[in-house]
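Letter by letter, the chains look like this.
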Amino acid sequence: MIDNEKVQELQLVLEEKLEKTASVLQEEYANIRAGRANPHVLDKITVDYYGTPSPLNQVGNISVADAKCLVISPWDASLLKNIEKAILQSNIGLNPTNDGKVIRLIFPDMTEERRRDIAKQIKGLAEDAKVAVRNVRRDTMDGLKKLKNGKEISEDECASAEKDVEKLVSKAIERIEKLTAEKEKEIMSV
């Protein structure tokens, strides 16, 4: 680590952006359904609650009844129709069943073809994350070159800082690949 404030600042920004990229990828993976009941598939759904769009998990209780069924119990029974409508409009591929008290979401078994499609989607998300990591690396390297050209750091300090950047980027890409392998394994296991 170089004892230069601007270099340290560049590296802190790099670390922060790499961490953010990995956490965004993890969130995206959590929203992909793997044939098992997962309440996270409902995270991005909002329901019209007396004129205000509210997240589904803030207008009712979401519980996992069994491996293939989620149960949504709204705190206000008048919201059942709105919740049902929001789920249908969200295109998550699930049909809600309303019994007048709760809404049930049954997760169908996935076909082999569907599993392969989801695996492709997972790889695409991983590739997007890697591109984001490379863009962050490029921005950091440009910042280091500006410092070197502005005579704020020496050639040796710049080379050392570039090595540190490469190490951080390699770790971030390894993490992305690990997350991807775990999610693929989860999707492909029957």
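In case you missed it, the structure is sitting above this.
Residues numbered from 1 in each chain as written. Predicted model: local features only at pLDDT ≥ 70, side-chain atom pairs only at ≥ 80, totals over all residues. Heavy atoms only, no water.

A.B. asks: Can you help me understand the overall build of the chain in this one?
C.D. replies: Helix and strand counts for the chain come out as four helices and six strands. Order of helices (α) and strands (β) in the chain, N terminus to C terminus: α-β-β-β-β-α-β-β-α-α. Since a compact globule built from 190 residues should have a radius of gyration of about 16 Å, the 23 Å found for the chain marks it as more spread out than a globular shape. Counting every position in the chain, which comprises 190 residues, the buried fraction comes to 37%. Excluding contacts between residues fewer than 6 apart, the proportion of contacts in the chain whose partners are at least 24 apart in sequence is 64%. Counting every atom, the chain has about 11,500 Å² of accessible surface; 49% of that belongs to carbon and sulfur. (Helix = DSSP H or I, 4+ residues; strand = E, 2+ residues; numbered from the N terminus. Rg over C-alpha atoms; globule rule 2.2 N^0.38 Å. Buried < 20%, exposed > 50% of the residue type's maximum accessible area, 1.4 Å probe, protein only. Contact = heavy atoms within 4.5 Å. Areas by Shrake-Rupley, 256 points an atom, 1.4 Å probe, with all protein chains shown as cover.)

A.B. asks: Honestly, unusual backbone geometry in this entry has me stumped. Any pointers?
C.D. replies: Peptide bonds are, in most cases, trans, and in most cases residues other than glycine have a negative phi. One non-glycine residue, Tyr 50, lies in positive phi territory at about 55°. Relative to the assigned elements, Tyr 50 resides in the loop between strand 1 (46-49) and strand 2 (52-55). With a phi angle near 60°, Lys 151 is a residue other than glycine that sits in the positive phi range. In this structure, Lys 151 sits in the loop between helix 3 (112-149) and helix 4 (155-188).

A.B. asks: How do you make sense of the sheet that holds strand 3 (residues 60-66) when you look at a structure like this?
C.D. replies: Neighbouring strands of a sheet are bound in pairs by backbone hydrogen bonds; such pairs are parallel or else antiparallel. What the four strands build is an open sheet, ordered 3-4-6-5; its pairing is antiparallel. Strands at the two margins of the open sheet, each flanked by one partner only, are strand 3 and strand 5 (96-98). Direction aside, neighbouring strands of the sheet carry axes that sit 25° apart on average. Packing against the sheet, helix 2 (residues 80-89) makes contact with strand 4 (69-74), strand 5 and strand 6 (103-106), and its axis sits at approximately 165° to strand 5. (Pairing = 2+ DSSP bridges. Axes fitted to C-alpha atoms, helices over the stretch in contact; angles between N-to-C directions.)

A.B. asks: Would you take a moment to explain the nonpolar core for this structure?
C.D. replies: Inside soluble globular proteins, nonpolar side chains tend to come together where they are buried. By size, the foremost hydrophobic cluster in this structure holds 26 residues, and its most contacted members are Tyr 29, Val 133 and Leu 144. Put simply, the parts of the chain that give this core at least two residues each are helix 1 (5-30), helix 3 and helix 4. With sequence-adjacent residues up to four places away left out, Val 133 is seen in contact with Leu 18, Thr 21, Val 169, Ala 172, Ile 173 and Ile 176. (Core = buried A, V, L, I, M, F, W, Y, C linked by side-chain atoms within 4.5 Å.)

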